[in-house]
Amino acid sequence: MQAYGTLSKENAEKAAELTEDTNGEVTVVCTPSGGAQTVRLQLPKDWLEAVTDEELVDQITAQQH
């Protein structure tokens, strides 16, 4: 999703729509600082609004173990 950050809102929504899977989810790649391993999460396409920061941290942490 970071790659869409420089796009206009309309173009970013279209790009997210194109990457959506059949379950209405998109792959979000989380790359923590400090050399931690990258984590891929399947989240709803509106995850920026729908997923709280705490939920996101919990999901990243769960994938790291």
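Asks: Can you explain the overall build of the protein chain? Please cite residues and give values.
Replies: The helix and strand inventory of the protein chain stands at 3 helices and 2 strands. Burial analysis of the protein chain (65 residues in total) assigns 20% to the buried set. Residue pairs in contact within the protein chain that sit at least 24 positions apart in sequence constitute 16% of those at least 6 positions apart. Entry remark: accessible area of the protein chain is about 5,000 Å², with carbon and sulfur atoms responsible for 48%.

Asks: Would you mind going over the pairing of strand E1 (residues 25–30) in detail, with residue names and values included?
Replies: A regular strand places its side chains so that they alternate between the two faces of the sheet. Here E1 shows a clear split, with Val-26, Val-28 and Cys-30 buried on one side and none of Glu-25, Thr-27 and Val-29 buried on the other. Pairing of E1 with strand E2 (residues 39–44), which is carried by 6 bridges, proceeds in the antiparallel orientation. Across the sheet, residue Glu-25 finds its bridge partner in E2, namely Pro-44.

Asks: Now, about the nonpolar core: what can you tell me, with residues and values included?
Replies: Counting residues in each nonpolar core, the largest one holds 10 residues, listed as Val-26, Val-28, Cys-30, Val-39, Leu-41, Leu-43, Trp-47, Val-51, Leu-56 and Ile-60. Those elements giving two or more residues to this core turn out to be E1, E2 and helix H3 (53–64). With sequence-adjacent residues up to four places away left out, Leu-56 is seen in contact with Leu-41, Leu-43, Trp-47 and Val-51.

Asks: So what's going on with the environment of Gln-42? Which residues, and what values?
Replies: Summarising the element assignment, Gln-42 is placed in strand E2. According to the relative accessible area criterion, Gln-42 is partly exposed, its value standing at 37%. Put simply, Gln-42 and Gly-24 are 18 residues apart on the chain and 9.6 Å apart in space, counted from C-alpha to C-alpha. At 2.4 Å, the side chain of Gln-42 and the side chain of Thr-27 are in polar contact.

About the criteria used
Residues numbered from 1 in each chain as written. Predicted model: local features only at pLDDT ≥ 70, side-chain atom pairs only at ≥ 80, totals over all residues. Heavy atoms only, no water. Helix = DSSP H or I, 4+ residues; strand = E, 2+ residues; numbered from the N terminus. Buried < 20%, exposed > 50% of the residue type's maximum accessible area, 1.4 Å probe, protein only. Contact = heavy atoms within 4.5 Å. Areas by Shrake-Rupley, 256 points an atom, 1.4 Å probe, with all protein chains shown as cover. Pairing = 2+ DSSP bridges. Core = buried A, V, L, I, M, F, W, Y, C linked by side-chain atoms within 4.5 Å. Polar contact = N/O pair within 3.5 Å; in protein donor to acceptor, adjacent residues only side chain to side chain.

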